[in-house]
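Given next are the chains, with one letter for each unit.
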There are 4 protein chains.
Amino acid sequence: MLPSSPHVEDVYLGKGRLLESARAGTLLIDCSTIASEAAAKVSKAAAVRGFTMIDAPVSGGTAGAAGATLTFMVGGDEAALELARPVLSAMGKNIFHAGAAGMGQVAKACNNMLLAIHMVGTAEALALGVKCGMDPAKLSEIMGKSSGNNWSLEKYNPWPGVQPNVPASRDYAGGFGVDLMAKDLGLAMEAALASGASTPLGTLARSLYRMHSTAGNGRLDFSSIVKMFQ
Amino acid sequence: MLPSSPHVEDVYLGKGRLLESARAGTLLIDCSTIASEAAAKVSKAAAVRGFTMIDAPVSGGTAGAAGATLTFMVGGDEAALELARPVLSAMGKNIFHAGAAGMGQVAKACNNMLLAIHMVGTAEALALGVKCGMDPAKLSEIMGKSSGNNWSLEKYNPWPGVQPNVPASRDYAGGFGVDLMAKDLGLAMEAALASGASTPLGTLARSLYRMHSTAGNGRLDFSSIVKMFQ
Amino acid sequence: MLPSSPHVEDVYLGKGRLLESARAGTLLIDCSTIASEAAAKVSKAAAVRGFTMIDAPVSGGTAGAAGATLTFMVGGDEAALELARPVLSAMGKNIFHAGAAGMGQVAKACNNMLLAIHMVGTAEALALGVKCGMDPAKLSEIMGKSSGNNWSLEKYNPWPGVQPNVPASRDYAGGFGVDLMAKDLGLAMEAALASGASTPLGTLARSLYRMHSTAGNGRLDFSSIVKMFQ
Amino acid sequence: MLPSSPHVEDVYLGKGRLLESARAGTLLIDCSTIASEAAAKVSKAAAVRGFTMIDAPVSGGTAGAAGATLTFMVGGDEAALELARPVLSAMGKNIFHAGAAGMGQVAKACNNMLLAIHMVGTAEALALGVKCGMDPAKLSEIMGKSSGNNWSLEKYNPWPGVQPNVPASRDYAGGFGVDLMAKDLGLAMEAALASGASTPLGTLARSLYRMHSTAGNGRLDFSSIVKMFQ
C-alpha cells in the first residue's frame, strides 16, 4: 500500500525490483490508491512476466483495518480475486470485483468523489438550516429519514455534537484527513481528464478541500469542511 | 398546496380571503413549498387574528400521496402539529416537527438541496466510471455498499437500466420534474441569501438544473441530469 | 444612497416619507444599489404621484466620488436622465442610460458580477502560475497583453507587489470591501432567481466571497480573495 | 506544433527521432500546447544531448498566423529566445519570455484558463441582463467602459449581433473551437493537480465546456457557450 503512482511504478517496474525479483507464481496484490492507468500499466507488465496481479484499493480507514472490516475494490481477473480472497478476507468484510485491471482504482475514485460531494453537501445543508434557525440534530434527523439521506449524514455527521463517536465530536481529530481526501479527488480529476468526463461538483469539491487545507486544516478529518460554512 | 409565495400570501392575506373569511378556531394547514419568510409572515398574521397555523410542506410526490406515504415537515407549535396529526396521517407516514413557524420550509429546502446535490453527484460518478470502462450496475452496487451510498443511488438510480421502476428506466417520465427541482433549489438560494449562508454545491446544482431545463428537459424527471454527463 | 431595498422602500413609500412630502415637480434620483424590482416598484409609485424618478447606482468607490470620476448607470426616461445630468456630472465622468426604470440596477448587478468573476479568475490564474514556478509580475504582463486581459488584471492586480497604488500593495486596506462585493453578488443572485437565469460562475463567486468573509476577511478589499488560493 | 504531450515526447525522445537525428547545433523550437512537465522533460533531454530548446506555445489562432500577429509565450534560456526571435517574429507580433523551460506552457495554460473564465462570465452576465430586460448591446457598452471590462467582452462579444466580424455574428463558425478550449482547460487542470493549486472557476469552466461539447457543440467557436444560458 504505497502513497502514489510513481512509487508503485518504481517498486514493481524499477530495475531489480518486484517484477524482476519475485518468485515465479507469486500472486501480486497492490492495495495502493493510485491512478487507474498506472495500475493497469503495472498489471500488464506483470502479466508479460507471467505474474497474476490485482489492484485492490481499500476504504474503511485505520479503524476498518484494525477491525477487519475494510472494503476492497478489486480490478483484475475474477480467478485472481478468488486466489486473493483468503488474504483479503482476513482484513476486510466487503470484497467487490470491479472489473478488469485498473477498475478497482476507478471504483474507488468514483466512490470517494461521491463521498466528498455528499459530505460537502451535507455540511452546506446543515449550515444553511442552522443559519435559518433550525436545530442541527433535528435537521439531521429529518433529512436522514427523507430523500436527503446519505452515508455522510447517517454515519459521519459533520456537525459537532450531533453524533457521538464521529470526528466532528472530537474536534475533527482522527478519521480520514482533508489532505487524503484532496488526494483522492485529484485522482478522480485525473480520471475525468483521461476519459473526457465532466465532473462539476467533484472538481468543485476538490477545490474546496484544497482551499480548506491551504487555510491550515490539512490534517483534520474531512468532515471539518463544515467549518468553511459556519 | 399552492405553487409559490405570492399565491400563498394572496390566499391568506388578500382582501376578503382566508384570514378574513375563515371560521374562528379553524386550524390552518399550508402544505405549499414556499419561502420560509413568507410562511412565517402568514403564520404571524394568522396568529394575530387568533388562528392556529402550521406550514407543512411535503415530500414523496404523487406516488407518496396516492400511497399515503408522504413525509410532512412541519413548522409551528407542537400543539398545533398534534391537532393536525390525524389529518396529516391520512396522507403521510413520516411527520416531523421541524421547529417554529417557517421551519417546515427550511427543512424542506435543506433536504431538497441535499437531494439535488447527491443526485448530480451520483450522475457524475456513474458517468465518470462508465467513461473509464466500468459497468454502471456494478459501480452502483459497490458505491451503494460503501461510503458513497446515498438515497439517489439506492432508491432512484439515474442510470438507465440499473434499477427497475425508477424514472431512469422509463425515459425519465413521471417522477419529480427538473423544473420543480430547479424551483426548490431557488428556494434554497433565497434562504442562503436571506441568512448569509454560502452553498457552493447547492447553487451550482441549481445552475445545472436550470441549464438542463433551458436545453428542453424541464419536464423530465430530475434524475435525467445524468444526460448532461453522458 | 441607501444600503438596501427595504431602506429605499421605506424612505420613499413609508407613511409621511418622500413621496408624500416632496415638493411637486421634484426630480428624484436614487443612487442606492438595490434589487431592480424594488427600484422599479418605487419608480412606478413615484410616477403615480407625478414625480419623475431615476435609479442611478454608481461604481467607482470613494476615490471616484472624491475625484468626480464615478460611473452612473441610469434607469428611467431619457428625458429624466437629461434633467439629472448636470447633477450627476458634478460627481461622475461616465453616465450611461441603461434603459427603463430598474435597468440601472440590472446593469450594475451584471457589471459587478462580471467584475467578481474576473477578479476571482485572475487570482486563480496568478496563484496557479506562481505554484508552477512563474513570476507573478511576468505572468501579469503576459496575460495583460493577451486574451486573458481584464480590468482586474490591468487596473487592480490582486497579487501583492505587482502594481503600486492598489489595495494588494497595502495589505488590502481601502478599496471595495469583500462584504460589499458579497452583497452585490447577492443582488445578482436575486436577479437570476427572479428571471430564471443560470449564473454558475457568478453564484460560485458569491459563495467564495461569503466563505472568505466567514474566515474573517469581510472588511479587506475584494482583491484579497487571492489569499484563498495562495 | 503537435496536438498533445505524448506526440511531442515521441517525436523528440522516440528511437531514431529528433534528438537522435537532428544535426548538432540545431535550435529546437516546439510550438505545441502541452503539459509543462512534458515540455520541461523534453527540454532537459535535449540539453543532455547538447541541443538548445525552447517551448513556445502560441495564441492568436489561424487569423493570427495568417496575419503574422501571433503571440508566443516562451520557456527556456533568454539567449535561446534571442536566437529564435527572427523566426518567431516572422509569424508573431508579441514574443514574451515567460521563464525557464516549461514556463511558456504555464503562461499559456494560465492565460487560456483566465480567458475561458471571463468568456463564460461575460456570457452569464449578458444572459442575465437580457433576461432582466436589458439590451445586450447597451449592456456590453456599459460593462465595456466599466470595471466589468475584459478581452472577451471587448474583442470577442459572445452575443449574436452585438459586434461585427466575431464568431457570434456568424453562427459561431470559425474562431477557437469548444473542444480546443476544453483541451486547454484540461492542461490547466493538470497543472493545478501537479502543483496542488485550487482553481474553482477554472475547473468549473472546463466542466461547462465539456458539457457543451457533449451536447454536440464541440466544433463551434468557444464563445457559443452563451447558448447554455440563453
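Conventions we followed
Residues numbered from 1 in each chain as written. Chains lettered and ligands numbered in written order. Predicted model: local features only at pLDDT ≥ 70, side-chain atom pairs only at ≥ 80, totals over all residues. Heavy atoms only, no water. Helix = DSSP H or I, 4+ residues; strand = E, 2+ residues; numbered from the N terminus. Rg over C-alpha atoms; globule rule 2.2 N^0.38 Å. Areas by Shrake-Rupley, 256 points an atom, 1.4 Å probe, with all protein chains shown as cover. Pairing = 2+ DSSP bridges. Right-handed = clockwise from strand over helix to strand, strands pointing away. Buried < 20%, exposed > 50% of the residue type's maximum accessible area, 1.4 Å probe, protein only. Contact = heavy atoms within 4.5 Å. Buried area = accessible area lost by both parts, 1.4 Å probe. Salt bridge = Lys/Arg side-chain N within 4 Å of Asp/Glu carboxyl O. Polar contact = N/O pair within 3.5 Å; in protein donor to acceptor, adjacent residues only side chain to side chain. Nonpolar A, V, L, I, M, F, W, Y, C, P; charged D, E, K, R; others polar. Expected span 1.5 Å × (residues − 1). Domains from an automatic or database assignment.

Some thoughts on the overall build of chain A
Helix and strand content of chain A: 10 helices and 5 strands. Here the C-alpha atoms of chain A give a radius of gyration of 19 Å, agreeing with the 17 Å that 2.2 N^0.38 yields for 230 residues. Its C-alpha atoms give chain A principal-axis dimensions of roughly 65 × 35 × 30 Å. Taken as a whole, chain A presents about 8500 Å² of accessible surface, with 54% of it coming from carbon and sulfur.

Remarks on the pairing of strand S2 (residues 52-55) of chain B
On any regular strand, side chains alternate: one points to one face of the sheet, the next to the other face. Residues and elements named next belong to chain B. Inspection of the sheet shows strand S1 (residues 27-30) paired to S2 by 4 bridges, in the parallel sense. Directly across from Leu-28, in S2, lies its bridge partner Met-53. Taken together, S1, helix H3 (residues 36-48) and S2 form a β-α-β motif whose crossover is right-handed.

Remarks on the environment of Met-189 of chain D
Counting through the fold element by element, Met-189 of chain D comes out in helix H9 (residues 178-195). Overall, the relative accessible area of 1% leaves Met-189 of chain D in the buried class. The sequence separation of Met-189 of chain D and Thr-199 of chain D amounts to 10 residues, and the corresponding C-alpha distance is 7.9 Å. With sequence-adjacent residues up to four places away left out, Met-189 of chain D is seen in contact with Met-189, Leu-193 and Thr-203 of chain A together with Thr-203 and Arg-206 of chain D.

Considering the interface of chain A and chain C
Taken residue by residue, the interface counts 9 residues in chain A and 9 residues in chain C. For the chain A and chain C pair, buried surface summed over both sides reaches about 650 Å², with 68% attributable to carbon and sulfur atoms. Among the residues chain A hides against chain C, the three largest losses belong to Met-211, Thr-214 and Met-228 of chain A. Together they make up 58% of the total. For the pair chain A and chain C, the number of links is 0 salt bridges. Summed over the shared surface of chain A and chain C, the number is 0 residue pairs in polar contact (both at pLDDT 80 or more). Broken down by element, the residue count for the side of chain A that touches chain C peaks at 5 residues, all from helix H10 (residues 200-217) of chain A. Looking at side-chain class alone, the side of chain A that touches chain C contains 5 nonpolar, 2 polar and 2 charged residues.

Digging into the interface of chain B and chain A
With 55 residues of chain B at the interface, the matching set in chain A holds 55 residues. A buried area of about 4600 Å², summed over both sides, lies between chain B and chain A, and 71% of it is on carbon and sulfur atoms. If you sort the residues of chain B by the area they bury against chain A, Leu-128, Ser-147 and Leu-201 of chain B come out on top, with a joint share of 14%. Counting across the interface, chain B meets chain A through 0 salt bridges. For the interface between chain B and chain A, the tally reads 18 residue pairs in polar contact (both at pLDDT 80 or more). Where the side of chain B that touches chain A is concerned, the elements lending two or more residues are strand S4 (70-75), strand S5 (92-99), helix H6 (103-131), helix H7 (136-144), helix H9 (178-195) and helix H10 (200-217) of chain B.

Things to note about H9 of chain B
Here H9 of chain B contains 18 residues, and its C-alpha end-to-end distance of 26 Å stays within 8% of the 26 Å for a straight helix at 1.5 Å per residue. For H9 of chain B, the set of buried residues is Val-178, Met-181, Ala-182, Asp-184, Leu-185, Gly-186, Leu-187, Ala-188, Met-189, Ala-191 and Ala-192 of chain B. Tucked inside the fold, the buried residues of H9 of chain B contact helix H6 (103-131) of chain A, H6 and H10 of chain B together with helix H9 (178-195) and helix H10 (200-217) of chain C. Two residues or fewer past H9 of chain B, Gly-196 of chain B is found with a positive phi of approximately 75 degrees.

Digging into the pairing of S4 of chain B
Residue and element names in this part refer to chain B. Counted residue by residue, S4 has 6 buried out of 6 residues, so it is predominantly covered. Residues Leu-70, Phe-72 and Val-74 point to one face of S4 and Thr-71, Met-73 and Gly-75 to the other, with burial holding for every one of them. Alignment of strand S3 (residues 58-59) against S4, held across 2 bridges, turns out to be antiparallel. Bridging across to S4, Ser-59 finds its partner in Thr-71.

Observations concerning the domain arrangement of chain A
Residue and element names in this part refer to chain A. As far as domains go, chain A holds domain 1 (5-101) and domain 2 (107-229). Placing a centre on the C-alpha atoms of domain 1 and another on those of domain 2 gives a separation of 28 Å. The partner domain 2 presents 8 residues to the 8 residues of domain 1 that form the contact. Interface area, domain 1 with domain 2, both sides summed: about 670 Å², of which 65% is carbon and sulfur. Counting the contacts that link domain 1 with domain 2 gives 0 salt bridges. Where domain 1 touches domain 2, the interface holds 3 residue pairs in polar contact (both at pLDDT 80 or more). Tallied by class, the residues present in the side of domain 1 that touches domain 2 amount to 6 nonpolar, 1 polar and 1 charged.

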